[in-house]
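Structural features, examined
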Amino acid sequence: MEKTLLFESAVHPWKVYYVREKPTWQTREHYYQVTHQGQPFLLPKELFKGVRDVDRFVAASGFETQETHADSVLLVLENRVRKPDGFEERALVAVMAQSVCAGKGCQVRIANLQGQVLAVIERE
């Protein structure tokens, strides 16, 4: 596995990595991995009614310190939802994850691209 650091915030606890796994006979797996406070960042499956938690992203990017959203990362993920007929429906979803740290605790606010907060994830 090759893991390349693409972005590290100078102020906030975000890092974005590009990961390439060794090729198999079928394909070469590549994705973006994000860490928050040194731990892998995971979006719970309940957030988008998906079939699995999401820790691999189709695209991910941070913002420079002087930018408006310097405390956030932009994440694009593939959400898979199981339909009543048993098949999975797949869709790309883009969200902003904003780090809000105060005192001893941290939260990550997940918002859609219109700024509507979808969830707040407590981080230790």
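Keep in mind the model is a prediction, meaning the values are calculated, not measured.

Considering the packing of aromatic side chains
Here the structure, examined in full by the defined rule, presents two aromatic pairs. Between Trp 14 and Phe 41, the ring centres sit 5.4 Å apart and the planes meet at 85 degrees, which makes this aromatic pair edge-to-face. With Trp 14 in strand β2 (residues 14-20) and Phe 41 in the loop between β4 (39-40) and β5 (59-62), this pair connects stretches of sequence that are 27 residues apart. The pair Trp 14 / Phe 41 is uniform in exposure class, with both members buried. Between the NZ or CZ atom of Lys 3 and the centre of the ring of Tyr 17, over which it lies, the distance is 4.6 Å.

A word on unusual backbone geometry
Residues other than glycine predominantly adopt negative phi, and peptide bonds predominantly adopt the trans conformation. For Gln 37, which is not a glycine, the phi torsion comes out positive at approximately 55 degrees. Examined against the element boundaries, Gln 37 turns out to sit in the loop between β3 (30-36) and β4. On the accessibility criterion, Gln 37 (33% relative accessible area) is partly exposed. In the Ramachandran plot, Lys 49 falls in the positive-phi region, its phi being about 55 degrees despite a non-glycine side chain. With respect to the secondary-structure elements, Lys 49 resides in the loop between β4 and β5. Overall, Lys 49 belongs to the exposed group, its relative accessible area being 69%.

Section: the sheet that holds β4
Pairing within the open sheet is antiparallel, and its four strands lie in the order β1-β2-β3-β4. Two strands bound the open sheet, and with one partner strand each, they are β1 (2-8) and β4.

Focus: the state of the cysteines
Evaluated as defined, the whole model comprises one disulfide. A sulfur-sulfur distance of 1.8 Å marks the disulfide that ties Cys 101 to Cys 106. Of note, the bridge from Cys 101 to Cys 106 carries an S-S torsion of about 100 degrees and is right-handed in sense. When its relative accessible area of 4% is taken as the criterion, Cys 106 is described as buried.

Side note on the environment of Ile 110
For Ile 110, the position within the fold is in strand β8 (residues 105-111). Overall, the relative accessible area of 0% leaves Ile 110 in the buried class. Sequence separation between Ile 110 and Gln 98 is twelve residues; the distance between their C-alpha atoms is 6.6 Å. Those residues in contact with Ile 110, other than ones at most four positions away along the chain, are Phe 41, Leu 43, Leu 47, Val 95, Met 96, Ala 97, Gln 116, Val 117, Leu 118, Ala 119 and Ile 121.

Parameters at a glance
Residues numbered from 1 in each chain as written. Predicted model: local features only at pLDDT ≥ 70, side-chain atom pairs only at ≥ 80, totals over all residues. Heavy atoms only, no water. Phe/Tyr/Trp six-rings, centres within 6.5 Å; stacked < 30°, edge-to-face > 60°. Helix = DSSP H or I, 4+ residues; strand = E, 2+ residues; numbered from the N terminus. Buried < 20%, exposed > 50% of the residue type's maximum accessible area, 1.4 Å probe, protein only. Lys NZ or Arg CZ within 6 Å of the ring centre and 35° of its normal. Pairing = 2+ DSSP bridges. Disulfide = S-S within 2.5 Å. Contact = heavy atoms within 4.5 Å.

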